[in-house]
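# A look at the structure
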Amino acid sequence: WWNHVFPAPKDPISGVTEAFLADTCPRKINLGVGAYRDDEGKPVVLQCVREAEAKISGCNFLESVFSKVSSKLVEESVKLVYGKDSEVVKEGSYAGIQAISGTGACRLFAEFQRRFYPGSQIYFPDPTWSNHHNIWRDAQVPRRNFHYYDWNAKGLNFSALIDDIKNAPDGSFFLLHPCAHNPTGVDPTEKQWREISYWFKVKNHFPFFDTAYQGFASGDLDQDAQSIRIFLEDGHWIGCAQSFSKNMGLYGHRVGCLSILCADTEKAAAVKSQLEKIARAMYGSPPVHGILLVSSILGDPNIKRLWEKEVKVMVDRIQRMRATLIESLTKLSSSHDWEHIKDQVGMFCYSGLTPEQVNRLRAEFSIYMTRDGRMSMAGVTTGNVSYLANALHEVTKA
Ligand code: PLP
Ligand code: TYF
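Now for a description of the structure that goes with this document. (Residues numbered from 1 in each chain as written. Chains lettered and ligands numbered in written order. Predicted model: local features only at pLDDT ≥ 70, side-chain atom pairs only at ≥ 80, totals over all residues. Heavy atoms only, no water.)

The full set of residues close to ligand 2 is Ile13, Val33, Gly34, Trp129, Asn182, Lys246, Tyr251, Arg254, Phe348 and Arg374. At 2.8 Å, a backbone N or O of Gly34 approaches an oxygen atom of ligand 2. Measuring from an oxygen atom of ligand 2, one finds a side-chain N or O atom of Arg374 at 2.8 Å. In isolation ligand 2 has 340 Å² of accessible area, and contact with the protein removes 81% of it. Here the residues of the shell around ligand 2 are counted per class, giving 5 nonpolar, 2 polar and 3 charged. (Near = heavy atom within 4 Å. Polar contact = N/O pair within 3.5 Å; in protein donor to acceptor, adjacent residues only side chain to side chain. Areas by Shrake-Rupley, 256 points an atom, 1.4 Å probe, with all protein chains shown as cover. Nonpolar A, V, L, I, M, F, W, Y, C, P; charged D, E, K, R; others polar.)

Encoded structure:
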């Protein structure tokens, strides 16, 4: 048995972590995976999560599985993206289901898309999070790219993006990052989002938002949902995958939500029942501990305020490191153009380094990042930023 099975290629993101862990250099830096670290380089359990833990201690998990905790999570999650006073939330005209974090929400949606729109395709921004390709490929949905990043101008290629929206067959599925685009850190402006929404309407495209970094672009949760709310205002049917991995630091807990807007509550119930049917065969029901944490945080105004402050602390630290890195490179009189990284938002810096430069950083400086030159700014600290700047300067010297 299994003689025909050979090792799968390494995942471009977790492969970096593996290589980093095997490195014995004391100065090594992991800028691969987008997981938040404090200024000491340590992972963080947020205070709001500790308070929620205290609140749920002693809870009977067997009871929880069958109780209302899952719908409470969904109710609170949709308020975060669509707005607590939005019509959809008030009317309940959405199908919402707890998902195994953002990845699981995407996977469920991809399956749902194939099942109910067989033969349909999905358009991804170029580039996008590498796992989007795996997820829709495994769901057997054909994938297309639409223009997003302009590699020459190092910003958004807005005119090509709009052209691709116009040229796609009417009624196409598009995946959009509502904020803090991974990997580029480049988001459309409010005006551009309005234009994108306008053309989606004209073309009757379906917007599927994958929101894994709400809060990480601006530090404000509502502000980071602005793009989704523009689409909502314009009367789109929206799908949304939400993750609490980054903004609550719950990575391993796998808490997420998939929501799909529907014409009325009856249709919403039908869609929800189909999503539940898909989930049932894939994994039964999702884990319950993390959703108790998230529901306790979102459902308690005091803990929620604490969470909002802690999001801001994480974002401020990342922004400070971005600014310090740029300052350090300027002090070194780096002749390389780093202008574009100033305006990037979210957890990543899309450096523009070539694969050869990325290899040199790894071989000569024990600095690890994905081959596309994406650096997770969460791995940069006061203690390692000048070492990083020096190394960047060395490998980019003419
Ligand atoms: N979508 C994007 C764009 C991401 O970057 C990530 C994680 O990095 C996810 C979804 C899903 O993450 P998780 O499954 O941990 O929620
Ligand atoms: O680095 C990225 O793009 C993500 C990060 O549980 C990530 O893949 C980190 C933790 C996690 C899932 C994804």
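On to a nonpolar patch on the surface. Together, Trp1, Trp2 and Val5 make up an exposed nonpolar region whose accessible area comes to about 510 Å². When you line up the elements, Val5 lands in the segment before helix H1 (14–22). On the basis of relative accessibility, which here comes to 48%, the residue Val5 falls in the partly exposed class. (Patch = residues over 30% accessible without salt bridge, like charges linked within 9 Å, V, L, I, M, F, W, Y side chains within 5 Å. Salt bridge = Lys/Arg side-chain N within 4 Å of Asp/Glu carboxyl O. Helix = DSSP H or I, 4+ residues; strand = E, 2+ residues; numbered from the N terminus. Buried < 20%, exposed > 50% of the residue type's maximum accessible area, 1.4 Å probe, protein only.)

This part covers the pattern of salt bridges. A pair can form between side chains of opposite charge whenever their charged atoms are brought close. Summed over all chains, the structure comprises 20 salt bridges. When the shortest N-O distance is used, the salt bridge between Lys203 and Asp170 registers 2.7 Å. Of this pair, Lys203 sits in helix H9 (residues 190–203) while Asp170 sits in the loop between helix H8 (158–167) and strand E7 (173–176), placing them 33 residues apart in sequence. Assessed through its relative accessible area of 12%, Lys203 is described here as buried. With a relative accessible area of 57%, Asp170 lands in the exposed category. Linking Glu339 and Lys342 is a salt bridge whose minimum nitrogen-to-oxygen distance equals 3.0 Å. Here Glu339 and its partner Lys342 are both found in helix H14 (residues 339–342), 3 residues apart, which amounts to about one turn of the helix. Classification of Glu339 as partly exposed rests on a relative accessible area of 49%.

The geometry of helix H2 (residues 47–56) relative to helix H13 (residues 301–331) is characterised by a closest axis approach of 8 Å and an angle of 155° between their N-to-C directions. The angle between H2 and H13 places the two elements in the roughly antiparallel class. Across from Gln47, Cys48, Glu51, Ala52 and Lys55 in H2, the residues of H13 making contact are Ile303, Leu306, Trp307 and Glu310. For the contact of H2 with H13, the class distribution of residues is 5 nonpolar, 1 polar and 3 charged. (Axes fitted to C-alpha atoms, helices over the stretch in contact; angles between N-to-C directions. Parallel < 35°, antiparallel > 145°, perpendicular 65-115°, else oblique. Contact = heavy atoms within 4.5 Å.)

We now examine the sheet that holds strand E3 (residues 122–126). Pairing within the open sheet is mixed, and its 7 strands lie in the order E2-E10-E9-E8-E7-E3-E4. Each edge of the sheet is formed by a strand with only one pairing partner; in this case those strands are strand E2 (94–100) and strand E4 (143–147). On average, each strand axis in the sheet is tilted by 25° relative to the strand beside it, whichever way the strands run. Along the sheet, helix H4 (residues 69–82) contacts E2, strand E8 (206–211), strand E9 (239–243) and strand E10 (255–261); its crossing angle with E2, the most-contacted strand, is approximately 110°. Here H8 sits on the sheet in contact with E4 and E7, set at roughly 140° to E4. (Pairing = 2+ DSSP bridges.)

The contact between H2 and helix H12 (residues 289–298) brings their axes to 9 Å, and the two run at 110°. The orientation of H2 with respect to H12, classified from their angle, is roughly perpendicular. Facing Cys48, Val49, Ala52, Glu53, Lys55 and Ile56 of H2, the residues of H12 in contact are His289, Leu292, Leu293, Ser296 and Ile297.

Before going further, it helps to spend a moment on the site of ligand 1. Taken together, 13 residues sit near ligand 1, with Ser101, Thr103, Asp210, Ser243 and Lys246 positioned nearest. Within the backbone of Gly102, an N or O atom sits 2.8 Å from an oxygen atom of ligand 1. Contacts to ligand 1 include Thr103, whose side-chain N or O atom sits 2.5 Å from an oxygen atom. When ligand 1 is considered free in solution it has 390 Å² of accessible area, and contact with the protein chains removes 92% of it. A total of 3 residues in the shell around ligand 1 trace back to one element, the largest contributor, which is helix H6 (residues 101–116).

Below, the discussion takes up the packing of aromatic side chains. This structure, assessed with the given rule, holds 23 aromatic pairs. Summarising the aromatic geometry, the rings of Phe112 and Phe116 are spaced 5.0 Å apart at their centres and angled 45° between planes, so their arrangement reads as tilted. On the criterion of helical spacing, the pair formed by Phe112 and Phe116 is a turn pair, its members being 4 residues apart in helix H6. When its relative accessible area of 11% is taken as the criterion, Phe112 is described as buried. Note on Phe116: relative accessible area 37%, which makes it partly exposed. (Phe/Tyr/Trp six-rings, centres within 6.5 Å; stacked < 30°, edge-to-face > 60°.)

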